Number of protein chains: 4
Amino acid sequence: VDEAQHIARLLVSCPDRHGIVAAVSGFLSDHDANILSSDQHSTDPEGGTFFMRMEFHLEGLLARRDRLERDFAEQVARPLEMEWRFAYGDRRKRTAVLASRDDHCLLDLLWRWRRGELETDVVCVVSNHPHHATDVAGFGVPYHHVPVAREAKAEAESEMLEHLAGVDLVVLARYMQILSRDFLHRLGAPVINIHHSFLPAFVGAEPYRRARERGVKIIGATAHYVTEELDAGPIIEQDVARVSHRQSVDELERIGRDIERVVLARAVEWHLQDRVLVHENRTVVF
Amino acid sequence: VDEAQHIARLLVSCPDRHGIVAAVSGFLSDHDANILSSDQHSTDPEGGTFFMRMEFHLEGLLARRDRLERDFAEQVARPLEMEWRFAYGDRRKRTAVLASRDDHCLLDLLWRWRRGELETDVVCVVSNHPHHATDVAGFGVPYHHVPVAREAKAEAESEMLEHLAGVDLVVLARYMQILSRDFLHRLGAPVINIHHSFLPAFVGAEPYRRARERGVKIIGATAHYVTEELDAGPIIEQDVARVSHRQSVDELERIGRDIERVVLARAVEWHLQDRVLVHENRTVVF
Amino acid sequence: VDEAQHIARLLVSCPDRHGIVAAVSGFLSDHDANILSSDQHSTDPEGGTFFMRMEFHLEGLLARRDRLERDFAEQVARPLEMEWRFAYGDRRKRTAVLASRDDHCLLDLLWRWRRGELETDVVCVVSNHPHHATDVAGFGVPYHHVPVAREAKAEAESEMLEHLAGVDLVVLARYMQILSRDFLHRLGAPVINIHHSFLPAFVGAEPYRRARERGVKIIGATAHYVTEELDAGPIIEQDVARVSHRQSVDELERIGRDIERVVLARAVEWHLQDRVLVHENRTVVF
Amino acid sequence: VDEAQHIARLLVSCPDRHGIVAAVSGFLSDHDANILSSDQHSTDPEGGTFFMRMEFHLEGLLARRDRLERDFAEQVARPLEMEWRFAYGDRRKRTAVLASRDDHCLLDLLWRWRRGELETDVVCVVSNHPHHATDVAGFGVPYHHVPVAREAKAEAESEMLEHLAGVDLVVLARYMQILSRDFLHRLGAPVINIHHSFLPAFVGAEPYRRARERGVKIIGATAHYVTEELDAGPIIEQDVARVSHRQSVDELERIGRDIERVVLARAVEWHLQDRVLVHENRTVVF
């Protein structure tokens, strides 16, 4: 943990051109930073967009942050027209988890978090169902039961927003209520959802039943950022499992649960590690 | 090959009820057949449909076929309201392959066939492109070049049907022309197509380009029986490969080719082995 | 649950010969049983071993068991030299879980069990570590902490055997002590272990470290029945995940945990459903 | 192709320390090169080994190579104690393929090469079997039949070396003779082999038979660089397929062929793109 205060990540996107890597790595080198890992991607070396993630170690980073950011803005970001941000190892993101009746994604995230796999503080769980309260209490996390009546959705969302004040990330761990556009605007934080199909197949309700009816031989799950359009946001991760004519819809759901929780966990982990950059409704995952 | 004349498969579907397995296996046992393998499936033991495939060995089968079929019809099929057929090991199905510009599925099928993996006679290859002639000749298979002009599609289809007279199966090995309803009716044989996406995602043209635009993390291919509705027929087999932001559309196509040829080959192999039964636009694959 | 008392499974193995399926299905049909599903396998139709699993529904089964078994023994099993057993739906197997420090397999099994995915009674958890007590208590399952000192292993095993009296299955959920030959004999119940490698690669200790050193590109996990020879028992299930030079040993362990818990759960589920038959140190999984 | 003359790759390995990326990217930037892609890996930021692959575009590269290399050696490589090399886009590697009886890997490579998937010149095929001559001729590649008698292996290897003079890469496409240490030394070029198992499981002969006997549920294939120790060289790529008790050894071989050809093709493609770096009997694959 002490070590974390000397570690940061720099995320950059800008129009691709000559000399970006040299400029950024030269800047970090000049400021005594040691690059731990570096990933980059260009949509097109001619006129495309360039993305970079650099993780670096810099002794005494805490005291040097302001100066580092100011210098970077002037010396590198402005001339190269960059969008950029530094993420600091000692500033853990604050995460809230939303769940409905199913507990597999919720508990899986909490297990991983307790085991140290997720670099975050889980600040609360909010659910429209009351029955996960005991389980969640076992992890030492506050549990807020916020029922969502059809005719009082706005009130419910307002109550939820109070619980979610100040979070950096909301994870929909099979939360089955559609969040309103207004809610997303007021929340102002990224929301990751797990959809129980291999998007773009089976957008919307009951994907396993529809997969069964279409007779697919493989089912899947998709973790994506939530946007206003249902199940249409940037995809972070997907995975699949083989099925056959033997499986009923119930069995597809059961097989699907194992995919869902792993896909969601990977997406959340990568987001927390600042590995996911969004560009034109797609993601670059470093 | 001699051995093949003593081997047959019995395919059955009927309303599920008590005693079907006993009736069929008793019948075969009484006729001195030795069951080599048996698979069965019921959509629902109460009121569902029952499917069965039994492969058996029966010495002197050639001389006993007519009697066997007559007895089966009377003693088993009629009382149990079965649809049924026997497929005999010495009656190899006659297969034609249709291809367009891409050769990966075409050559892969011909390689497998030459290696003895496909239990069929490949009677001809038909293509709207001329340039596979030399390759196909190397396999000793007739090659018919039938150009398909937009304004003369009916004539082209008629010419194709002449080449396809008497075939038991047509394989669309990345054949990129849409076959008319009339063609399918006049052909009167099953047609297996390979679609270069993970159906039902990306029905229609340019699935790799659209997969790239949607930012999926996994691409796939689907082998299905052709019906009048585009890319909507019963799915026989699917498989997938993992991709990322790094792959261009060209690279997706390249990765996809490896999936396509394997998925198509499996579907064709299973069809030729009488393993695929169709029910309500889905398949049971034994 | 009431329905379960009318359901049974018949497991059979015998020398392959003509008429087995007819004999068994005829017997069940004559006793008014409705076959729900049936699987069979022959190692070789000529002189091999034949395996079959039939699940059937028989109204009033409870009262008819003795008669059914007696008749089957006389009319079918004896003439066909069968090994056989009936497993009844209302006699749930009694399962104990053994664990060490790691909790991922343990918690995953308990959670699946609570969800109803595992057809068993979990009678206790035994661990050489004390710290899962609270978690296990949350599932309402007794927890026995039995430390295993190197010089007092026999005493520890005796104490464990007391807790395990009467169980039908022991699951080693990453239990890291090697069980003695004597323990296995006295236990007299099948033991399923999860080994954290793709057997037969990396038998024994520290498989992830050795996988890293060998530079493999895929890691795996293996669920198998425990025999006296370490990691050499019949394999029930395996699965894998792709890795690269990027992952440290710690990260391989983390990726591996996700494979381990799913592979173990599948093996346990299939065993509990009487789907796993052992033959010559291999399994037939129906 | 013309474009290729302006493109090069720089491969680097050196002790990890501050400022490497800055030094290399600064050097390339100062020489007007535009970095197209860049990958890097460090075994340990403290005292480990650093690896980098940079692909760049430099107008007029042909005339500037000598100067570029001389400058790089002096200004970057020497102070940072680098091992390094430039690979130029217009200098295609010369590849020879060795095969035995099976043709699936051989034909697959030739077909990919003809499609333009492999960035190389295939200069010849050498086989201890005569019967691929016609197929290989169809690709316009010389075919040398060099029988390998047990008592005259040295002579055979000498004859092979004559055919292999000047090649940059030898691919063993299911070549079933063990190459002697002497052969490897005299060849002086990297050799990529496809082994038909998931190494380190089933080193040596008949891996599919042994996989069947062990009862594994997944089989695999491994492409690796050949070293003097059998099947122990650095692994480049592996892949797997699921199997069950149903498959005979013949069927495992058939399923395996589909894995082998894809795994070998990937390894060869990556090698030809200078993506594979070897370190302590492991590979870094960028």
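Since this is a predicted model, take the numbers as computed values, not measurements.

Undergrad: Describe the interface of chain A and chain D, with residues and values.
TA: Residue-level contacts link 17 residues of chain A with 17 residues of chain D. Taking both sides of the interface into account, the surface hidden between chain A and chain D amounts to around 1400 Å²; carbon and sulfur atoms contribute 54%. Per-residue buried area on chain A facing chain D is highest for H18, N34 and Q40 of chain A; these three make up 32% of the total on that side. On inspection of chain A and its partner chain D, the count reaches three residue pairs in polar contact (both at pLDDT 80 or more). When the residues that make up the side of chain A that touches chain D are grouped by side-chain class, the tally is seven nonpolar, eight polar and two charged.

Undergrad: Residue-level account of the interface of chain A and chain B, with values.
TA: Every contact between the two is made by 32 residues of chain A and, on the other side, 32 residues of chain B. Summed over both sides, the interface between chain A and chain B buries roughly 2700 Å², with carbon and sulfur atoms accounting for 54% of that surface. Put simply, chain A and chain B have four salt bridges between them. When contributions to the side of chain A that touches chain B are tallied by element, the ones reaching two or more residues are α7 (207-214), β11 (235-242) and β13 (282-285) of chain A. Of all the elements, β11 of chain A adds the most residues to the side of chain A that touches chain B, at seven residues. Residue composition of the side of chain A that touches chain B, by class: 14 nonpolar, seven polar and eleven charged.

Undergrad: Now, about the side chain of K93 of chain C: what can you tell me, with residues and values included?
TA: Inspection of the secondary structure assignment puts K93 of chain C in strand β5 (residues 93-99). If we ignore the near neighbours within four places in the chain, the residues touching K93 of chain C are E119, T120, D121, D168, H271, L272 and D274 of chain C.

Undergrad: An account of the relation of the copies chain A and chain D is requested, with residue identities and associated values reported.
TA: Screw-axis analysis of chain A against chain D gives a translation of 0.0 Å along the axis, an RMSD of 0.0 Å, and a rotation angle of 180 degrees. Both copies of the chain, as the preceding transformation shows, are related through a two-fold rotation axis. In terms of C-alpha distance to the rotation axis, chain A has A22 of chain A as its closest residue, with the C-alpha 2.8 Å off the axis.

Undergrad: Tell me what's going on with the relation of the copies chain A and chain B, and back it up with residues and numbers.
TA: Between chain A and chain B, which share one sequence, the superposing operator has a rotation angle of 180 degrees and an axial displacement of 0.0 Å; the RMSD is 0.0 Å. The share of interface residues of chain A whose copies in chain B are also at the interface is 100%, consistent with both copies meeting through the same surface.

Undergrad: For the sheet that holds strand β4 (residues 83-88) of chain B, give the residues involved together with the corresponding values.
TA: All names here are of chain B. The sheet built from four strands is open, its strands ordered β2-β3-β1-β4 with antiparallel pairing. Each end of this open sheet is capped by a strand with a single partner; those strands are β2 (34-42) and β4. Across the sheet, the mean angle separating the axes of adjacent strands is 10 degrees when strand polarity is ignored. Direction of pairing for strand β1 (residues 7-15) relative to β4: antiparallel, over a ladder of six bridges. Following the sheet pairing, A8 is matched in β4 by Y88. Contacts between helix α1 (residues 20-30) and the sheet are confined to β1, β2 and β3 (49-57), with β3 contributing the most and set at about 20 degrees to the helix.

Undergrad: Can you tell me about the state of the cysteines, naming the residues and giving the values?
TA: The full count for this structure, using the stated rule, is zero disulfides over all chains. C124 of chain C supplies the cysteine sulfur nearest to C105 of chain C, a cysteine that is in no disulfide, at a spacing of 17 Å.

Undergrad: Tell me about a nonpolar patch on the surface, and name the residues and values.
TA: Residues and elements named next belong to chain A. Residues I178, V203 and L230 make up a contiguous nonpolar surface patch of about 260 Å² in total accessible area. Structurally, I178 is set in the loop between β8 (169-172) and α6 (181-187). Note on I178: relative accessible area 52%, which makes it exposed.

Undergrad: Give me the sheet that holds strand β8 (residues 169-172) of chain B: which residues, what numbers.
TA: Residue and element names in this part refer to chain B. The strand order β7-β6-β5-β8-β9-β10-β11 describes an open sheet built from seven strands, whose pairing is mixed. In this open sheet, the two edge strands, each paired with only one partner strand, are β7 (143-145) and β11 (235-242). The average angle at which neighbouring strand axes cross in this sheet is 20 degrees, direction not considered. Contacts between helix α3 (residues 104-114) and the sheet are confined to β5 (93-99), β6 (120-127), β8 and β9 (191-195), with β6 contributing the most and set at about 160 degrees to the helix.

Undergrad: Can you break down a negative patch on the surface residue by residue, with the values?
TA: A cluster of acidic side chains, namely D2, E3 and E59 of chain A together with D44 and E46 of chain D, defines a negative patch on the protein surface. Examined against the element boundaries, D44 of chain D turns out to sit in the loop between β2 (34-42) and β3 (49-57). Residue D44 of chain D is classed as partly exposed on the basis of its relative accessible area of 35%.

Undergrad: A description of the pattern of salt bridges should follow, citing residues and the corresponding values.
TA: The full count for this structure, using the stated rule, is 128 salt bridges over all chains. Here R67 of chain A ties to D71 of chain A by a salt bridge, and the two come within 3.1 Å at their closest N and O atoms. A residue pair is termed a helical-turn pair when its members lie 3 or 4 positions apart in one helix, as R67 of chain A and D71 of chain A do in helix α2 (residues 61-80) at four residues. Here the salt bridges share partners, and the residues they tie into one network are D108, R112, R114, R115, E117 and E269 of chain A together with D103, D135, R254, R257, D258 and R261 of chain C.

Undergrad: Please set out helix α8 (residues 249-272) of chain A residue by residue, giving values where relevant.
TA: Residues and elements named next belong to chain A. Spanning 24 residues, α8 covers 34 Å between terminal C-alpha atoms, matching the ideal 34 Å at 1.5 Å per step. Roughly 25 degrees is the biggest bend found in α8, and it falls at G256. Where α8 ends, the next residue or the one after it, D274, has phi of about 55 degrees, a positive value.

Undergrad: Quick rundown of the packing of aromatic side chains? Include the residues and the values.
TA: Residue and element names in this part refer to chain D. In this structure the tally under the stated criterion is 28 aromatic pairs over all chains. On the numbers, 5.7 Å between centres and 80 degrees between planes, the contact of W84 with F86 is edge-to-face. Pairing F86 with Y88 gives two aromatic rings, centres 6.2 Å apart and planes at 10 degrees, and the pair type is stacked. An identical accessibility class is assigned to F86 and Y88; each is buried.

The rules behind the values
- Residues numbered from 1 in each chain as written.
- Chains lettered and ligands numbered in written order.
- Predicted model: local features only at pLDDT ≥ 70, side-chain atom pairs only at ≥ 80, totals over all residues.
- Heavy atoms only, no water.
- Contact = heavy atoms within 4.5 Å.
- Buried area = accessible area lost by both parts, 1.4 Å probe.
- Polar contact = N/O pair within 3.5 Å; in protein donor to acceptor, adjacent residues only side chain to side chain.
- Nonpolar A, V, L, I, M, F, W, Y, C, P; charged D, E, K, R; others polar.
- Salt bridge = Lys/Arg side-chain N within 4 Å of Asp/Glu carboxyl O.
- Helix = DSSP H or I, 4+ residues; strand = E, 2+ residues; numbered from the N terminus.
- Least-squares fit on C-alpha atoms with pLDDT ≥ 70 in both.
- Pairing = 2+ DSSP bridges.
- Axes fitted to C-alpha atoms, helices over the stretch in contact; angles between N-to-C directions.
- Disulfide = S-S within 2.5 Å.
- Patch = residues over 30% accessible without salt bridge, like charges linked within 9 Å, V, L, I, M, F, W, Y side chains within 5 Å.
- Areas by Shrake-Rupley, 256 points an atom, 1.4 Å probe, with all protein chains shown as cover.
- Buried < 20%, exposed > 50% of the residue type's maximum accessible area, 1.4 Å probe, protein only.
- Lys, Arg positive; Asp, Glu negative; His and termini not counted.
- Charge placed at Lys NZ, Arg CZ, Asp CG, Glu CD.
- Expected span 1.5 Å × (residues − 1).
- Bend = angle between axes of the 7 residues up to and from the residue.
- Phe/Tyr/Trp six-rings, centres within 6.5 Å; stacked < 30°, edge-to-face > 60°.

Remember, this is a structural readout, not a statement about activity or role.
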